Amino acid sequence: MRLQDNLAKILIPSDRLQARIYELGAQLSQDYGDTRPLLVCVLKGGVMFLSDLSRTLSIPHELDFMAISSYGGKRVESSGVVRILMDLNTNIEQRHVLIVEDIIDTGRTLYYIRETFQARNPASVKICALLNKPERREVEIPLDYVGFDIPNEFVVGYGLDFDELYRNLPYIGVLKPEMYS
Ligand code: PRP
């Protein structure tokens, strides 16, 4: 089985992804300077982006991970109910926190995580999302750094899954509708 055969098209090829990530890394390095930010990856989708983004940063920074779960049929329809499965190891009080996400869809996951972090008295909480689907937004959330605005299509690859597959593809592809309908 070739995962590529289930794609209608490639939306963002690997070289464009990497070029944009390099630009984001340069911007982040400039903005955060010597503040030693904590980059937080929201598992699992954000893992490819975090690992590539981290390697473009020229500044000292730390990494941490959290896992959340949302009830209901996520990806096709977001339920909006979020639960922490694995919390940070790091105390973020007075720390500059950058949440690194693969995609912002309804915005509900990030809204919840951001509120949770804000209650822990960090120095700042910002969001860096590789992909943004503005058409799908249900809650207002400030996006500080965005890789690409994309249309409302079912995207997979570079961390994004369908039924836990496709995360390893080095590009962002659009799944054929017959695969999920
Ligand atoms: C995806 C993505 C975000 C969330 C965005 O995660 O990684 O965390 O959905 O959706 P929202 O803006 O509608 O809240 P998912 O729940 O699919 O889990 P995964 O990262 O493990 O694939």
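Computed from a predicted model, the values in this text were never measured in an experiment.

By the burial criterion, the buried members of helix 3 (residues 108-118) are Thr109, Leu110, Ile113, Arg114, Thr116 and Phe117. Within helix 3, the buried residues cover an arc of 160 degrees as seen down the axis, which keeps them to one side. In this fold, the buried residues of helix 3 make contact with strand 2 (38-43), strand 3 (62-70), strand 4 (82-86), strand 5 (96-104) and strand 6 (124-132).

Below, the discussion takes up the environment of Ile141. Looking at where Ile141 falls in the secondary structure, it is placed in the loop between strand 6 and strand 7 (145-149). Note on Ile141: relative accessible area 9%, which makes it buried. Once residues lying within four places of it in the same chain are set aside, the contact partners of Ile141 are Ile104, Gly107, Leu110, Tyr111, Arg114 and Ile127.

Here we take up the pairing of strand 6. Counting buried residues along strand 6, eight of its nine residues qualify, which places the element largely inside the surrounding structure. Two elements, strand 5 and strand 6, share eight bridges in a ladder whose sense is parallel. Its bridge partner being in strand 6, Ile99 is matched across the sheet by Ile127. Following the chain from strand 5 across helix 3 to the adjacent parallel strand 6, one finds a crossover that is right-handed. As paired strands, strand 6 and strand 7 are joined by four bridges and run parallel to one another. When the bridges of strand 7 are listed, Cys128 appears paired with Tyr145.

Scoring rules and cut-offs
- Residues numbered from 1 in each chain as written.
- Predicted model: local features only at pLDDT ≥ 70, side-chain atom pairs only at ≥ 80, totals over all residues.
- Heavy atoms only, no water.
- Buried < 20%, exposed > 50% of the residue type's maximum accessible area, 1.4 Å probe, protein only.
- Helix = DSSP H or I, 4+ residues; strand = E, 2+ residues; numbered from the N terminus.
- Arc of directions from axis to C-beta.
- Contact = heavy atoms within 4.5 Å.
- Pairing = 2+ DSSP bridges.
- Right-handed = clockwise from strand over helix to strand, strands pointing away.

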